[in-house]
Amino acid sequence: MDNKQVSTTQTAAKEPLIGYVHSIETFGSVDGPGIRYVAFLQGCHMRCQYCHNPDTWKFNVGDQMTADEILEDAAKYRAFWGKTGGITVSGGESLVQIDFILDLFEKAKAMNISTCLDTSGQPFTREQPFFDKFERLMKVTDISLVDIKHIDSAKHKQLTQYGNENILDMIQYMAQHHDDMWIRHVLVPQRTDYDEDLKKLGDYIAKIPNDVVQKVEVLPYHTLGVKKYHEMKIKYRLEGIESPTQDRVANAEKLLHTADYNGYKTWMPLPKL
């Protein structure tokens, strides 16, 4: 290899990882504990029927940012985070950009910034090289927001085009390693709002160690994203389905035993080993 080739290789090796960012929210109050700086990343394989951000599906589009650029911007708001706030990475599906998140979270933890991963878990696999990266990521992730779309894999596939086996496997891995999480479930009439399925989901969550699940949330389906489908000329598959009633939301909360999961009230980020 000549000197020119060596120089080019060394330069390429020093190039920072680039993340493709859909949008930034500087004062997020629902994307993890406390007030959080939220980076919504581009890219998602699943096609959830109720997705309200179809503009996040595409890969390798959006604003290109490095971890250092995000941290520099986030630092402007650090005074508002308190003891529990920090940075959340969401999507799209955040884990499709696992290399970028790993770089961001490792640098954030070095700065004593709390980190939160918002994921549906679809890319999870125990195959390499993903699994090594995921294990490293969990060591610098304070808490994860995990969206269980449906407890039944066949119905999960109808809803999202993918089964849920690897997603539940990810949750089991996190539970075994005592990685704190919030579990979320979007309640959609005629799709995820059936008592039998909700009971199964509630039973599944109850088997996870209670020191791991800090909170269980029922998120009522809404139609705020329908306009995007029309603008993007994408068929919206839930036309005519309205948001669930308050009674159905309360019913889901009862069947998922949401009141039993109160760890979030006193949760504090702890140093990762």
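Residue numbers here run from 1 along each chain, matching the order of that chain's written sequence. Residue-level local features of this predicted model are given only where pLDDT is at least 70; pairs of side-chain atoms are given and counted only at 80 or more, and the full residue set underlies all totals for whole chains, interfaces and linings. The basis for every side-chain value is the complete set of heavy atoms in the structure, and neither hydrogens nor water enter the calculation.

Within an unreviewed UniProt entry, the label attached to the protein chain reads Pyruvate formate-lyase-activating enzyme, and the organism entered is Lactiplantibacillus pentosus. UniProt positions are given in the numbering used here, feature names are shortened, and annotations may be inferred rather than shown by experiment. Under the Sequence similarities (unreviewed entry) heading, UniProt states for the protein chain: "Belongs to the organic radical-activating enzymes family." For the record of the protein chain, the UniProt heading Function (unreviewed entry) holds the text "Activation of pyruvate formate-lyase under anaerobic conditions by generation of an organic free radical, using S-adenosylmethionine and reduced flavodoxin as cosubstrates to produce 5'-deoxy-adenosine."

Asks: Got a sec to walk through the side chain of Thr 88? Specific residues and values, please.
Replies: For helices the rule is a DSSP run of H or I covering at least 4 residues; for strands it is a run of E covering at least 2, with both sets numbered from the N terminus onward. Among the structural elements, Thr 88 can be located in strand E4 (residues 86-90). Note on classification: 1.4 Å probe, protein chains only; a residue is buried when its accessible area is under 20% of the maximum for its type, exposed when over 50%, partly exposed between these limits. Residue classification places Thr 88 among the buried residues on the basis of a relative accessible area of 0%. Reaching out from Thr 88, the side chain makes a polar contact with the backbone oxygen of Asp 31 at a distance of 2.6 Å. Polar contacts here mean pairs of N or O atoms no more than 3.5 Å apart (in protein, one a potential hydrogen donor and the other a potential acceptor; neighbouring residues in sequence count only if both atoms are side-chain atoms).

Asks: Tell me about the sheet that holds strand E3 (residues 63-65), residues and numbers included.
Replies: Spatially, the eight strands line up as an open sheet ordered E3-E1-E2-E4-E5-E6-E7-E8, and their pairing is mixed. The sheet is open, and its two borders are formed by E3 and strand E8 (213-220), each paired with just one other strand. Pairs of neighbouring strands in the sheet enclose a mean axial angle of 30°, with direction left out of account. When DSSP finds two or more bridges between a pair of strands, those strands are recorded as paired. Where strand E7 (residues 181-187) meets E8, seven bridges bridge the pair, whose relative direction is parallel. Residue pairing across strands places Leu 187 opposite Pro 220, the latter belonging to E8. The criterion used for residue contact is that any of the two residues' heavy atoms lie within 4.5 Å. Here an axis means a line fitted to C-alpha atoms, over the contact stretch when the element is a helix, while the angle between two N-to-C directions is reported on a 0 to 180 degree scale. Contacts from helix H6 (residues 165-176) reach strand E5 (114-119), strand E6 (143-147) and E7 within the one sheet, and its direction differs from that of E6 by about 155°.

Asks: Got a sec to walk through empty space enclosed by the protein? Specific residues and values, please.
Replies: Using protein atoms alone on a 1 Å grid, points that fit a 1.4 Å probe yet trap it form a cavity, whereas open point sets bounded by protein on both sides within 12 Å along at least five of seven lines form a pocket; residues with an atom within 4 Å of a point count as lining. Grid points are joined across faces, edges and corners, and a volume is the space filled by probe spheres set on the points. Summed over all chains, the structure comprises one cavity of 30 Å³ or more. The calculated volume of the largest cavity comes to roughly 30 Å³. Per-element accounting of the lining of the largest cavity gives the leading share, three residues, to helix H7 (residues 195-206). Gly counts as polar in this scheme, as do all residues outside two lists: the nonpolar Ala, Val, Leu, Ile, Met, Phe, Trp, Tyr, Cys and Pro, and the charged Asp, Glu, Lys and Arg. For the lining of the largest cavity, a count of residues per class yields three nonpolar, three polar and one charged.

Asks: Mind laying out the pattern of salt bridges, listing which residues take part and the relevant values?
Replies: By definition, a salt bridge exists where a carboxyl oxygen of Asp or Glu is found within 4 Å of a side-chain nitrogen of Lys or Arg. Overall, the coordinates contain 17 salt bridges when judged by the stated rule. Among the salt bridges present, the one from Lys 109 reaches Asp 142, with a minimum N-O distance of 3.0 Å. Residue Lys 109 is located in helix H3 (residues 98-110), and its partner Asp 142 is located in the loop between helix H4 (130-139) and E6; the two are separated by 33 residues in the primary sequence. When the shortest N-O distance is used, the salt bridge between Asp 193 and Arg 248 registers 2.9 Å. Taken together, the positions of Asp 193 in the loop between E7 and H7 and Arg 248 in helix H9 (residues 246-255) put the pair 55 residues apart, joining distant regions of the chain. One salt-bridge network, in which partners are shared between bridges, spans Asp 118, Arg 184, Lys 215 and Glu 217.

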